[in-house]
Amino acid sequence: MTRHPSAPRSVTPAAPPPGHEIADRLVLTRPAQVRALGHPLRTTILGLLTERAASVAELAEATHRPKSTIAHHVSVLHLAGLVQVVRTRRVRAVEERFYGRAARTVTISVDPGGPELPLDFNDFEVAARESSAAYEARRLWAFLRHARLSDEQASEFWTRIRDLVEEYDRLPRSGDTTYGLAVGIYPVPDYPRLPDPREPGAPDAG
């Protein structure tokens, strides 16, 4: 994933999940934290915890995965500081933990003076797999555009996209259908480009 200093990396609840305190923003600065986001199932878990705190058993039921698998991924998120234990309860003499998000928004730091952070995963690859059925059912709404911009223009436009994504994340959860949203800006070095008419040898525009 190409990172931006203020790029949102996961969903932002409209309000703190019930029952625990939650920070407004968490900036990831350690490689281990970024690697914790490097699995789509872990970002799915974070997305589910947007609505409320949940136990490993509840997350396993929601994702149709074995509890042992979910427990492993939750442990990775917990060690990275992305989720926290918000309450516990006794179930048949066993302590069941409920996990909640540590922050509403997670961003990845881009600090030239800091450590080189690893890539997590390509969001568009995930979106392509998720959206194939919607495409076949004619329920995929998408645009692909190209524009020659300066780095400053691209950064400014990405900030506007970020704000829109965070607005999308804050929408109240309702209905029975989960909708995906994939956005991004990326350079395309080999995209066709017309010659500059000011350059020697360019066709005469007049």
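Reading guide: rules and limits
Residues numbered from 1 in each chain as written. Predicted model: local features only at pLDDT ≥ 70, side-chain atom pairs only at ≥ 80, totals over all residues. Heavy atoms only, no water. Buried < 20%, exposed > 50% of the residue type's maximum accessible area, 1.4 Å probe, protein only. Helix = DSSP H or I, 4+ residues; strand = E, 2+ residues; numbered from the N terminus. Contact = heavy atoms within 4.5 Å. Pairing = 2+ DSSP bridges. Patch = residues over 30% accessible without salt bridge, like charges linked within 9 Å, V, L, I, M, F, W, Y side chains within 5 Å. Areas by Shrake-Rupley, 256 points an atom, 1.4 Å probe, with all protein chains shown as cover. Salt bridge = Lys/Arg side-chain N within 4 Å of Asp/Glu carboxyl O.

Colleague: Got a minute to help me understand helix H2 (residues 40-48) in this structure?
Modeller: What sets the pattern is the α-helix's 3.6 residues per turn: residues three or four places apart point alike. Listed in full, the buried residues belonging to H2 are Leu41, Arg42, Thr43, Ile45 and Leu46. Where the residues of H2 are buried, they touch helix H1 (31-36), helix H3 (56-63), helix H4 (67-79), strand S3 (83-91) and strand S4 (94-101).

Colleague: When you look at the sheet that holds S3 in this model, what are you seeing that I'm missing?
Modeller: One open sheet holds the three strands; their spatial order is S2-S4-S3, and the pairing between them is antiparallel. Where the open sheet ends on each side, the last strands, each with one partner, are strand S2 (54-55) and S3. Inspection of the sheet shows S3 paired to S4 by eight bridges, in the antiparallel sense. Each bridged residue has a counterpart across the sheet, and for Arg87 the counterpart in S4 is Phe98.

Colleague: What exactly am I supposed to notice about a nonpolar patch on the surface here?
Modeller: A surface patch of nonpolar side chains, amounting to about 630 Å² of accessible area, comprises Trp141, Tyr168, Leu171, Tyr179, Leu181 and Val183. Relative accessible area serves as the criterion here: at 30%, Tyr168 is assigned to the partly exposed category.

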